[in-house]
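One-letter residues, chain by chain:
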Amino acid sequence: MTSGTHTPMSADQLRDSFTGFFAEKDHTVVPSASLIPHDPTVMFNVAGMVPFKSYFVGDEQPPYERAVSSQKCARAGGKHNDLDDVGRTKRHLVFFEMLGNFSFGDYFKSKAIPWSWELVTERWGFDGDQIWVTVHETDDEAEAIWHEEVGVPMERIQRLGDKDNYWQMGDTGPCGPCSELHIDRGPAFGPDGGPLGDPFGDRFMEFWNLVFMQFNQAADGSRTPLPKPSIDTGAGLERILALKQGVDSVWETDLMQPLIDAAQSLTGKTYRVGDYDDRDSFGLRVLAEHARSGAMLVNDGVFPSNEARGYVLRRILRRAVRFAYLLGTDKLVMPQLTEVAIDVMSNAYPDLRKNQDFIVSVIAKEEERFRHTLKNGLSILDTSLSDDDEAEVLSGSTAFLLHDTYGFPLELTQEIASERNVEVDLAGFTTEMTAQRERAKAAAKGAVDDATLDGYREVVEQFGVTEFVGYSDNEAQSRVLAVMEADDGIVEIFLDRTPFYAESGGQIGDTGAIVTDTGRAEVLDTTFALPSLRRHTARIVDGVVTAGQVATATIDVERRDAIRRNHTATHLLHHALRQVLGDHVKQAGSWVGPDRLRFDFSHYDAVTADQILEIERLSNTETLANTPARAFETTKDEAEALGAIAFFGDKYGDIVRVLEAGASVELCGGTHVRATGDIGTIKVISESSIGSNLRRIEAFTGANSVALLQRDERLISDVAGMVGTNADDLAGGVQRKLDEIKSLNDEIKALRSQLAMGRATEIAAIANDGVVVTQVDGLTPGDLRELAIAVRQQPSVHLVVLAGETPTGGVALVAAVPPGSTQPASDLLKDAARAVGGGGGGKGDIATAGGKDPSGIPEALARAAAAISSFA
C-alpha cells in the first residue's frame, strides 16, 4: 500500500499525537463521551461532534472555545447504519473512533485548513504531493485557502456536490459544507483522475473531513445560520491508522488483527488478507468487528433487547453468532473474542478492564440464547422448505414468523433458502414488519399505567363505550361521563356520544370544543383509551367541566373538512398508484391530517416523474367527475365480493364500513367527503424511499393545492421579470440570459488573452538566453498562468517562471517549459514554493504553485533560477 509514509505508529500513539497536536494549539482535550447520546435525534453517537451539538446550535454556552477529542462512535440503526457493510469492504465498521478538533465560534477556515495540512504532512509525515483536496462546489473561500495559502496546486483540488461535500448529522441539527483530504494510494488501486473519478475511494482514499459548521437544519429541511460559524473536524482513527501502518485495510491494523487471529484460532479457518470474495475471511472479519462493537456498547450501558439500541446490539451479536455457525463452529466464540477486544482497547478505555466480567457475561448469555434459537428456527425452516419441495418462494409470513417469534435473522433464512434454490418473499416480509412496527407504535402511544387503565375500564363497565355520531354530525348534545386529570393542566374527558373522530386508520383525531353550563374545554386531540372508548384530551379554558353535566361537543369543522379531503384523496391516489405501477402496490401506512396527506406503499423502484404526472391525472379525473362518495356498512365477505381493498391500520370485524369514491372501493372507517369534487385539486408534492421496496408520497388537496399553485405562479412571474420576459417565454428568456452570460465570459476571456499577449511582448523583452524569471504582481493564479503561456509563445523564449502577489494577499507561482520536455515544469517550482510557505506541482509543461508569504517571492525566484541552470 502506498500511503506516503511508512513510519509505524500504534493506535494509542496515533490517538495521543492527534490530541497532543491540538492541545499545543490551545484546544481543551475532552474525553470521549458515551456511545449513548444525550441528543434524541440519533440512536448512538455517530460522529465526534454529536456531544458538542448544543454548543454548535447555541443552546448552551461552551466551557471552552476550542476542543479536541477522540470520540467513540457507532453506526448501526437509523439513518447512520454501516452494519450490513461490515466485513464486505476494507473500511466499514460499526464501532470506530472519530478524531476531531472543534471551534465553537472561535477560528474558522483560515486556521482549520492550514492546521490540518500541518498535522498531516509535518507531524504524521504524509507526502503532500500525494494528497488531493475536495471542496463543496460553492466554497470558493476554502478552495482559495487550499491553493493560495497552503499551496495545493489547482490540479489536485476538486469540487463536489452535496452528496459528497455537504455534511449533516441527521435529519435535524448542525450542517455545512465540508472539505476532505484524500490520499493517492497509487496506480495499483485504480486509474488517475482524483476523487471525482473514484466514487468508492479505492485509490483516492478519504481520511480527513473538515466540516465548516454554518447552519442548523430543522425537521422541515429549512436551514438557518448558526450563531457563530464553527469548525468540526472528522478524521477516522482506523483509516488513518491503516495508512500509518502501511496496510491495505483496517482489518490488518493493530486494532483488528489480534481479533482476526483469535477468530481464526476459535473457528479453525484461515484468513486470507485482501480476499473479499472468500466466505470464510468475510465471516472472520464479522466476528472480529462485532466482538469489539459489542464490548464497547455493553460497556456504555447498552444491553440486548427487542427495543431501540438494545435491538441493534442484539442484531450485531446475533449476526456474529450466525457467521460463527456458518463457519462450522458449535462452541461459544464471543466470550473469548470479547476478552481479546478488551485487551486491545483497554489502554485507551480503562473502564473496559474494570467491567470485563460483566461485559463478557452479557455477551455470552446472548450467544447461548441465540444458539438455542438457531436450533429451533432451523427446524421450523427445514419443515417449511420440505413441505413443498417444488416451491420456488418461501412466504414472507413464514420468514417473518421466524424473525419475530424465534429471532431468526432474515439474512440466514435467505441464505439457507438459497441453498435449495428458493427465494424469500421480501415484499411480504416487509409488509408484515411494517404492520408490526405500526402496532408497536400505536401500543406505545396508548401505553398507560395500571391505575389509569382501571379508570378507563370503570367508565366502560358503568356507562359502556362511546357512541360516535361524527359521520353525519359536526355537533352533538352529550353527557359528560368522566373527567380525569392528566399532566400539565391537561384533562381527559369521556362523553356518552361524540362527533369527535378518534385517531385510527392513519387519520388523526379531531379537535374542537366541549361546552357545559359551567365551563368550556378546548379539545386538543381525540384518541382511543380502550377499544371504542373515545378519549378527548383537552384543556379547561373557562370555568369547570364535571362528570354528569350535559355538554355540547363541537368539532373544528374547517379542520375536519380539510382532513376529509385528504383522506378521500388518499383512496383515489391508492387506486391510481395500482393502475400506473401495478397490482403489487399495497398500502404500508398512511397519515391524514388537515395540511397534507402521506401514503406509504410497497413498490420496488422509485416512481418516475412521468408516472407521478399520470397518477395525478387519474386522481384529478375522479375529482373533476364529482361522483358521489358512498360510505356504507356491510359484511366483510360482501365487501370483499365487491372488490373492496383492506386499508392499512384498520381493524375489521364481521361488519365493515366501505367507501366507494369514483373507481376506488376500500374498507375504511374514516371520515370522507360527500363527492369527489369536494377534494379540489390533488397535487403530489414529494415521492421518496422509506425502506427496502417501500415508497412514500405526500400530497396537497383543496386550499393547500391552490396556495401551492399560486406560489409557483408568483415564482414563475418573478423569475420571468428578472430575465426580462413573460411567463410563457420563461424558458426562452432564461436561455437567452445564459447565452448572454456565456458571450460576456467569452469576451472577457478574449480581452484577458489580448492583455496577456500585450504584456507578454513586454516581459519577453527581458529574456536572457530564452529564459524569463520575473515578478508580476496583482494577477489571479489563473491570469498569471495565462500570461506565462503567452510569454512562452514569444519567439525568443522557451522557459518562463513568473511569481507574484495575488489580489487576496497570497502568492502565485507559474512555470512553463517547452511542450514535450523530458522534465516537468514542476521541477522548477518545488524548492521555490517553499520560500513562500507553500507547495505545488504538475506533471506536464505547465506547473503552478501557491504560498502565503509574499516577502519570500525574491527568494523563490532565485531558487527557480537556480533550478533552471540544471534543467535538461
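Reading guide: rules and limits
Residues numbered from 1 in each chain as written. Predicted model: local features only at pLDDT ≥ 70, side-chain atom pairs only at ≥ 80, totals over all residues. Heavy atoms only, no water. Salt bridge = Lys/Arg side-chain N within 4 Å of Asp/Glu carboxyl O. Helix = DSSP H or I, 4+ residues; strand = E, 2+ residues; numbered from the N terminus. Buried < 20%, exposed > 50% of the residue type's maximum accessible area, 1.4 Å probe, protein only. Patch = residues over 30% accessible without salt bridge, like charges linked within 9 Å, V, L, I, M, F, W, Y side chains within 5 Å. Areas by Shrake-Rupley, 256 points an atom, 1.4 Å probe, with all protein chains shown as cover. Phe/Tyr/Trp six-rings, centres within 6.5 Å; stacked < 30°, edge-to-face > 60°. Lys NZ or Arg CZ within 6 Å of the ring centre and 35° of its normal. Pairing = 2+ DSSP bridges. Axes fitted to C-alpha atoms, helices over the stretch in contact; angles between N-to-C directions.

Asks: Hey, could you go over the pattern of salt bridges for me, with residue numbers and the actual values?
Replies: Close approach of charged atoms lets side chains of opposite charge pair. Counting across every chain of the model gives 40 salt bridges. For the salt bridge of Asp 184 with Arg 203, the shortest nitrogen-to-oxygen distance reads 2.7 Å. Taken together, the residues Asp 184 in strand S7 (residues 173-184) and Arg 203 in the loop between S7 and strand S8 (204-217) connect sequence positions 19 residues apart. Asp 184 gets classed as buried once you look at its relative accessible area, which sits at 13%. Under the relative-accessibility criterion, Arg 203 is labelled buried at 7%.

Asks: How would you summarise a nonpolar patch on the surface if you had to cite specific residues and measurements?
Replies: Residues Val 734, Leu 738 and Ile 741 make up a contiguous nonpolar surface patch of roughly 240 Å² in combined accessible area. Inspection of the secondary structure puts Leu 738 in helix H21 (residues 730-764). A residue is classified by how much of its surface remains accessible, and Leu 738, at 47% relative accessible area, is partly exposed.

Asks: Outline the packing of aromatic side chains, supporting the account with residue identities and numerical values.
Replies: All chains considered together, the criterion is met by 22 aromatic pairs. Judged by centre distance (5.9 Å) and plane angle (55 degrees), the ring pair of Phe 18 and Trp 208 falls under tilted. Of the two residues, Phe 18 is situated in helix H1 (residues 11-24) and Trp 208 in strand S8; the sequence distance between them amounts to 190 residues. Trp 208 shares its class with Phe 18; the two are buried. Centre to centre, the rings of Phe 468 and Tyr 471 are 5.0 Å apart; their planes meet at 80 degrees, and the pair counts as edge-to-face. Of the residues examined, Phe 468 reaches a relative accessible area of 17% and is grouped as buried. The exposure class of Tyr 471 is partly exposed, given its relative accessible area of 34%. Members of the aromatic cluster, each reached through a chain of ring pairs, are Phe 18, Phe 21, Phe 22, Trp 124 and Trp 208. Sitting above the plane of the Phe 189 ring, Arg 185 keeps its charged end 4.0 Å from the centroid. Lying over the aromatic face of Phe 126, Lys 244 brings its terminal NZ or CZ to 5.9 Å of the ring centre.

Asks: How would you sum up the sheet that holds strand S16 (residues 512-515)? Please name residues and give values.
Replies: On the basis of which strands lie adjacent, the closed barrel formed by 6 strands has the order S13-S14-S18-S17-S16-S19 and antiparallel pairing. Shown here is a sheet whose adjacent strand axes are inclined to one another by a mean of 45 degrees, direction ignored. Pairing geometry for strand S13 (residues 475-485) and strand S14 (residues 490-495), over 5 bridges, is antiparallel. Bridged to Val 483 within S14 is Ile 493.

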